[in-house]
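Take a look at the letters that make up each chain.
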Amino acid sequence: MTTPTPERTQAKWREIATLAEKLAERSGSNTGFVVAPGSPLAGDDLRCDPYHVSHAVQTSITSAIDHLHALCALVVQSGFLHLAAPATLARGVLECASTAVWIASPTTQDERIARALRWNIADVKDGDRAATGAGISVPTSLQDRKDKIEAVATKCSLPFKPISGGYTSSGAVAATETFLKTPFGVLLPWRLSSGFAHGRRWAMVAFADTMQQQANTQTGVVHLKMENDLTRVLFLGLAAAHVAKGAVALFDQRSTAP
């Protein structure tokens, strides 16, 4: 991808911000993500009630939209361009939107349901870990909640063992890269964003602009001052926007009756 001019960069950010605003308005509406009777998602939901496939997809998409809107507010409106925070928000978009794509993309109902149940397993495990780690009592045990999910899997004639392992964000991102084939990829921007989110040196050295170097003659350590710019962070913004759009388009396809 050729480096855009500053004017083109600003225009692209305005496009992303416009998309984020439209998606946020849709996400905030009661009719924004409706599943039509007779659609593939409606059929999925009837079969795996109460762990609806559509709910797992909707939850992931609305979280992705929220992160995308916050990314645009931070980059376009705040008046201060942060080094790592835009990448952290882009990571949220990429992970959540990829999860939605991963759940909704299979052409078979069995696999969509299995992935939604895997998402629910991860959800109850994470919630239980957060509560028990903080010493908060949980009214329903983790095993009871897992048993309820297993009962639905059994009702749907799906093997529970692969479902019980949940899923990983990296797996969802890799599957989304294969499914969407976006011009900016999914794995690379996700890994780069994760590097910034975790404060990894490699991401900063590889991506940020080194403005100043100062060597300590006694220790040999070189201190770097790094800054961001709109053009550099545009790569992450475009990747996030493309995956979010892809997730929404896939939802629309699966939630529309033939």
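Asker: Even after reading the chapter, I still don't get the side chain of Ser 193, so can you show me in this structure?
Answerer: Considering the arrangement of structural elements, one finds Ser 193 in helix α9 (residues 187–197). Excluding residues that lie within four positions of it along the chain, Ser 193 makes contacts with Ala 87, Ala 90, Arg 91, Leu 94 and Leu 236.

Asker: What's the story with the packing of aromatic side chains in this structure? I'm lost.
Answerer: We describe a pair of aromatic rings using the distance from one ring centre to the other and the angle between the two ring planes. Tallying each qualifying case throughout the model produces two aromatic pairs. Considering the side-chain rings of Phe 33 and Phe 251, the 5.2 Å spacing of their centres and the 75° angle between planes classify their relative orientation as edge-to-face. Taken together, the positions of Phe 33 in the loop between α1 (6–27) and α2 (40–48) and Phe 251 in helix α11 (residues 230–254) put the pair 218 residues apart, joining distant regions of the chain. Owing to a relative accessible area of 1%, Phe 251 belongs among the buried residues under this scheme. Both rings, one in Trp 102 and one in Tyr 167, keep their centres 5.1 Å apart while their planes meet at 20°; by these two values the pair is stacked. Linking Trp 102 in helix α4 (residues 85–104) with Tyr 167 in the loop between α7 (160–164) and α8 (169–180), this pair joins segments that are 65 residues apart in sequence. By relative accessible area, which is 5% here, Trp 102 ends up buried. Taking NZ or CZ as reference, Arg 26 lies 4.2 Å from the ring centre of Phe 33, over its face.

Asker: In this structure, what is going on with the packing of helix α3 (residues 53–77) against helix α5 (residues 109–133)? I would like to understand it.
Answerer: Each pair of packed helices can be described by the angle between their axes along with the distance between the axes. Viewed as axis vectors pointing N to C, α3 and α5 meet at an angle of 60°, and their least axial separation amounts to 9 Å. As the angle between them shows, α3 and α5 are arranged oblique. Of the two possible hands of crossing, α3 and α5 adopt the one that is left-handed. Taking contact as the criterion, the partners of Val 53, Ala 56, Thr 59 and Ser 60 in α3 are, on α5, Arg 112, Ile 113, Ala 116 and Trp 119.

Asker: Looking at this structure, I do not really get the pattern of salt bridges. What am I missing?
Answerer: Opposite charge on two side chains allows them to pair when their charged atoms are near. Summed over the entire model, instances satisfying the criterion amount to eight salt bridges. Note that Arg 91 is salt-bridged to Glu 95, the shortest N-O span being 3.1 Å. Here Glu 95 and Arg 91 lie together in helix α4, a separation of four residues that amounts to about one turn. Using a relative accessible area of 18% as the deciding quantity, one classes Glu 95 as buried.

Procedures and definitions
Residues numbered from 1 in each chain as written. Predicted model: local features only at pLDDT ≥ 70, side-chain atom pairs only at ≥ 80, totals over all residues. Heavy atoms only, no water. Helix = DSSP H or I, 4+ residues; strand = E, 2+ residues; numbered from the N terminus. Contact = heavy atoms within 4.5 Å. Phe/Tyr/Trp six-rings, centres within 6.5 Å; stacked < 30°, edge-to-face > 60°. Buried < 20%, exposed > 50% of the residue type's maximum accessible area, 1.4 Å probe, protein only. Lys NZ or Arg CZ within 6 Å of the ring centre and 35° of its normal. Axes fitted to C-alpha atoms, helices over the stretch in contact; angles between N-to-C directions. Parallel < 35°, antiparallel > 145°, perpendicular 65-115°, else oblique. Left-handed = near helix turned anticlockwise from the far one by under 90°. Salt bridge = Lys/Arg side-chain N within 4 Å of Asp/Glu carboxyl O.

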